[in-house]
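Structure assessment
Chain by chain, the residues:
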Amino acid sequence: MNIAGGNLPVMPSSSQGGEVLSAALSKKQQLADGAAALALIEGAAQSSSAQTPTQSATATLGNNVNIYV
């Protein structure tokens, strides 16, 4: 990891440079979080569409009743 400041923008005061760097890092983190969330949603959509629908347990409950008199 290269942490040299040669490619950072030059700002008139050091506090403005820190704010710009912080904003840029925050934006990159938000983009990464958004991409991860989209990948998670797409993965969940693919796995749920691949599953076969199951019948509910109550769909056939009570169809056959044995009565003894």
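Before reading further, recall that the structure is shown in the block above.
Before going into details, it helps to say that this report is about the structure given with it. (Residues numbered from 1 in each chain as written. Predicted model: local features only at pLDDT ≥ 70, side-chain atom pairs only at ≥ 80, totals over all residues. Heavy atoms only, no water.)

Things to note about the overall build of the protein chain
When you go through the protein chain residue by residue, the secondary structure sums to 1 helix and 0 strands. Classification of the 69 residues of the protein chain by burial places 0% in the buried group. Taken as a whole, the protein chain presents about 6,600 Å² of accessible surface, with 59% of it coming from carbon and sulfur. (Helix = DSSP H or I, 4+ residues; strand = E, 2+ residues; numbered from the N terminus. Buried < 20%, exposed > 50% of the residue type's maximum accessible area, 1.4 Å probe, protein only. Areas by Shrake-Rupley, 256 points an atom, 1.4 Å probe, with all protein chains shown as cover.)

A look at a nonpolar patch on the surface
Judged by side-chain polarity, Val 65, Ile 67 and Val 69 come together as a nonpolar surface patch covering roughly 410 Å² of accessible area. Turning to its location among the elements, Val 65 is positioned in the segment after helix 1 (14–50). (Patch = residues over 30% accessible without salt bridge, like charges linked within 9 Å, V, L, I, M, F, W, Y side chains within 5 Å. Salt bridge = Lys/Arg side-chain N within 4 Å of Asp/Glu carboxyl O.)

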